[in-house]
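Summary of structural features
Okay, here's what each chain looks like letter by letter:
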Amino acid sequence: MTLSNTTLSIVIPTYKRPDALRRAIASVRDERVDGLDIEIVIADNDPAGSAKETAAELTDTYEVPVIYTHVPEPGVSNARNGALEIATGRYILFLDDDMEALAPWAQSMIDAANRFDAALVFGPVKAVMPEAGNPVYEYMQPLFSRKFSQEDGLIDRGIGSGNCLIDRENLTLPCPPFNPELNKTGGEDDHLFRQLEHQGVRIAWTNAAKTYEHVPAHRANLSYVWRRNFAFGQAPTQESADLGWRGIPGILKWMFVGLAQIVIYGTLLALSKLRRKPDAVRYWGRLAQAFGKVIWTERVSPKFYGI
């Protein structure tokens, strides 16, 4: 496909979330970027094609082109790859279907890419919990959020596809870009970013491109928090393992770090639970990450897709 240097494609993969999809698309319908046309690409990963009707409604009412593609084989990598196949823009902006962008989101991402000559740009994600005023949710909320304790500028690593800009002109995407072997477990974005980092691409962070992630009630519980953070913890050890023999020092390093963190966060969790404090959920998440560093093999990786 010939890419358009004057087009930015906002890509929204979706899986059986019609109301969330409408909210996500509504949040970007008025986005404008100086010198660029915008298109919205919906990649429907429901085998039944449940998002087709929603896409048709929006195509008739939105000034911005809404492009629908059906990717019937379930898998988070499949959905993202299917969207990239039909997106015409040089610039790709990823927004998950449970997210919401705050204007001027797209312009802020492009401004950061130009300012730092970056091929990848990332921005913050603030979790919106299902119930306001719940003290447990208040401590759980950071575990679902993404923030960076620095000003806008270059960073070393990619950190998640939700609220991410990719400049396809300034990097070489693998084929396929997202690894289908990670369809069920996730981590397909980290796998891609590690490959792009090896190309030496410039990566930027901007605080100006703000988004929300709406956390449904069925995810706002200790079981899901454990599985999510366990998977996060597995990532650095798995990345070392992918290097083969060269990765053995990294495996040992991260397993040692995980063991030390198990002692630290296990103690803090026990003390917090004894005091019956709601901040125990924070240490629960950190403890899960610690165990993930130690128990890192893919066969015990949690399966998230479709949840």
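Residues numbered from 1 in each chain as written. Predicted model: local features only at pLDDT ≥ 70, side-chain atom pairs only at ≥ 80, totals over all residues. Heavy atoms only, no water.

**What about the overall build of the protein chain?**
Rule in force here: Runs of H or I in DSSP of at least four residues are treated as helices and runs of E of at least two as strands, each being numbered from the N terminus. Taken over C-alpha atoms, the radius of gyration is set against a globule rule of 2.2 Å times the number of residues to the power 0.38. Summary of the burial criterion: residues with accessible area below 20% of their type's maximum are buried, those above 50% are exposed, and those between are partly exposed, where the area comes from a 1.4 Å probe applied to protein chains only. All tallies of charge rest on Lys and Arg as positive and Asp and Glu as negative; His and the ends of each chain are not included. The atoms used to mark charge sites are NZ of Lys, CZ of Arg, CG of Asp and CD of Glu.
For the protein chain, the helix and strand inventory stands at nine helices and eleven strands. Computed over its C-alpha atoms, the radius of gyration of the protein chain comes to 20 Å, within 12% of the 19 Å expected for a compact globule of 307 residues. By residue count, 51% of the 307 residues in the protein chain fall in the buried class. Here the protein chain holds 33 positive side-chain charges and 37 negative ones, and the gap between their average locations is 10 Å.

**Remarks on a nonpolar patch on the surface**
Inclusion rule: Candidates for patches are residues over 30% relative accessible area with no salt bridge; among them, like charges are joined within 9 Å and nonpolar side chains (Val, Leu, Ile, Met, Phe, Trp, Tyr) within 5 Å. Surface exposure here means Shrake-Rupley accessible area, sampled with a 1.4 Å probe, where a residue is shielded only by the protein chains that are shown. Salt bridges are counted wherever a side-chain nitrogen of Lys or Arg sits within 4 Å of a carboxyl oxygen of Asp or Glu.
Residues Val263, Ile264, Leu268, Leu271 and Leu274 make up a contiguous nonpolar surface patch of about 480 Å² in total accessible area. Of the residues examined, valine 263 reaches a relative accessible area of 55% and is grouped as exposed.

**Comments concerning the pairing of strand E7 (residues 125–128)**
Inclusion rule: Two strands pair if DSSP finds at least two bridges between them.
Only one face of E7 is covered, namely the one carrying Val125 and Ala127; the face carrying Lys126 and Val128 has none of its residues buried. In the sheet, E7 pairs with strand E11 (residues 211–214) via four bridges, with the strands oriented parallel. Bridged to alanine 127 within E11 is glutamate 213.

**Focus on the nonpolar core**
Nonpolar side chains in soluble globular proteins tend to end up buried together. Keep this limit in mind: The definition of a nonpolar core used throughout is a set of buried Ala, Val, Leu, Ile, Met, Phe, Trp, Tyr and Cys residues joined through side-chain atoms within 4.5 Å.
In terms of nonpolar packing, the biggest core is built from 36 residues, with Leu8, Ile40, Trp105 and Leu165 touching the most fellow members. Tallying contributions element by element places helix H4 (residues 105–116) first for this core, with seven residues. Ranked by size, the runner-up nonpolar core spans 23 residues in total, among them Phe94, Phe122, Phe193 and Leu196.

**Things to note about the sheet that holds E11**
Stated precisely, the cut-off is as follows: Axis geometry follows a simple rule: fit a line to the C-alpha atoms, using only the stretch in contact for helices, then measure angles between N-to-C directions, giving values from 0 to 180 degrees.
Taken in spatial order, the three strands of this open sheet run E5-E11-E7, and their pairing is mixed. At either end of the open sheet lies a strand with only one pairing partner, and these are strand E5 (99–101) and E7. Each strand axis lies, on average, 25° off the axis of its neighbour in the sheet, ignoring direction. Here E5 pairs with E11 via three bridges, running antiparallel.

**Considering the environment of alanine 51**
Filter applied, for reference: We call two residues in contact when some of their heavy atoms are within 4.5 Å.
Looking at the element boundaries, alanine 51 is found in the loop between strand E2 (37–44) and helix H2 (52–61). For the pair formed by alanine 51 and serine 223, sequence separation is 172 residues and the distance between their alpha carbons is 29 Å. Each residue touching alanine 51, except ones within four places of it in the same chain, is listed here: Thr14, Leu21, Asp44 and Tyr68.

**Considering the pairing of strand E3 (residues 66–70)**
Worth spelling out the cut-off: When the strands point away from the viewer and the connection leading from the first strand across the helix to the second strand turns clockwise, the crossover is called right-handed.
Taken together, the five bridges between E2 and E3 define a ladder with parallel strand orientation. Bridging from a neighbouring strand, aspartate 44 pairs with histidine 70 of E3. In this fold, E2 hands off to H2, which returns the chain to E3; that crossover is right-handed.

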